[in-house]
Amino acid sequence: MCELHDDAPYDYAVTTGDNIYDSGNPSDFQDNFFEPYACLFDRGVRWHFALGNHDVHTDGGSPEIDEPAFGIPARYYRWRLGPVR
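Being a predicted model, the structure only gives us computed values, none of them experimental.

Undergrad: Looking at this structure, how should I read the side chain of His5?
TA: Along the chain, His5 turns up in helix 1 (residues 2–7). The class for His5 is buried, based on a relative accessible area of 9%.

Undergrad: Would you explain the environment of Gly61 in this entry?
TA: Mapped onto the fold, Gly61 is located in the loop between strand 2 (46–48) and helix 4 (62–66). Between the alpha carbons of Gly61 and Gly24 there is a distance of 6.6 Å; along the sequence they are 37 residues apart. When neighbours within four sequence positions are excluded, Gly61 is seen to be in contact with Leu51, Asp55 and Val56.

Undergrad: Looking at this model, I keep getting lost on the state of the cysteines. Mind explaining?
TA: Linking two cysteines covalently via their sulfur atoms produces the bond known as a disulfide. Across all of its chains, the model carries 1 disulfide by this definition. The disulfide bridge from Cys2 ends at Cys39, spanning 1.6 Å between sulfur atoms. Its S-S torsion of approximately -75° makes the covalent link between Cys2 and Cys39 left-handed. With Cys2 in helix 1 and Cys39 in helix 3 (residues 38–42), the pair connects residues that are 37 residues apart, well separated along the chain. Using a relative accessible area of 22% as the deciding quantity, one classes Cys39 as partly exposed.

Undergrad: For this particular structure, what's the right way to read the nonpolar core?
TA: Within soluble globular proteins, side chains that are nonpolar tend to cluster in buried spots. Core analysis: the biggest nonpolar cluster contains 13 residues, and Phe33, Leu40, Val45, Trp47, Phe49 and Phe70 have the highest contact counts within it. In contact with Phe49, not counting residues within four places along its chain, are Thr15, Asn19, Phe33, Glu64, Phe70, Gly71, Ile72 and Tyr77.

Undergrad: Please clarify how the environment of Phe70 should be interpreted in this entry.
TA: With respect to the helices and strands, Phe70 occurs in the segment after helix 4. Separated by 37 residues in sequence, Phe70 and Phe33 have C-alpha atoms that sit 9.5 Å apart.

Undergrad: Sorry if this is basic, but what is going on with the pattern of salt bridges here?
TA: Should the charged atoms of two oppositely charged side chains come close, the side chains can pair. As enumerated under the stated definition, the model contains 1 salt bridge in all. Between Arg43 and Asp6 there is a salt bridge, with the nearest N and O atoms lying 2.8 Å from each other. Of this pair, Arg43 sits in the loop between helix 3 and strand 2 while Asp6 sits in helix 1; the two residues are 37 residues apart in sequence, bridging distant segments of the chain. Among the residues examined, Arg43 registers a relative accessible area of 37% and is labelled partly exposed. A relative accessible area of 51% places Asp6 in the exposed class.

Calculation criteria
Residues numbered from 1 in each chain as written. Predicted model: local features only at pLDDT ≥ 70, side-chain atom pairs only at ≥ 80, totals over all residues. Heavy atoms only, no water. Helix = DSSP H or I, 4+ residues; strand = E, 2+ residues; numbered from the N terminus. Buried < 20%, exposed > 50% of the residue type's maximum accessible area, 1.4 Å probe, protein only. Contact = heavy atoms within 4.5 Å. Disulfide = S-S within 2.5 Å. Core = buried A, V, L, I, M, F, W, Y, C linked by side-chain atoms within 4.5 Å. Salt bridge = Lys/Arg side-chain N within 4 Å of Asp/Glu carboxyl O.

Structure, rendered in C-alpha cells:
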C-alpha cells in the first residue's frame, strides 16, 4: 500500500474487516497495524475500518472502536466520500 501511495497518492483507506488478526486484541495493534502502515500515517492517510468476525472476538470489537486511528465512530456507521458510501 505504501508503494501504491508513491504512484497514486490517496487520502483515505477503507477496510472490509479482520483488521487485527486474529482476535482484535489491542496487544496486536502495534505489530499488525501501526508498524506495517507507518509510512501511510507519516503521509497523513486516514483510515475507516469495518469490523470483521475476527475483530469482534475481543470485547465485541470495542478496543478497535475505541482506537481513534481506526476511524470507527460507532459500531454501526455510514461514511461517504464523494459518490462512494
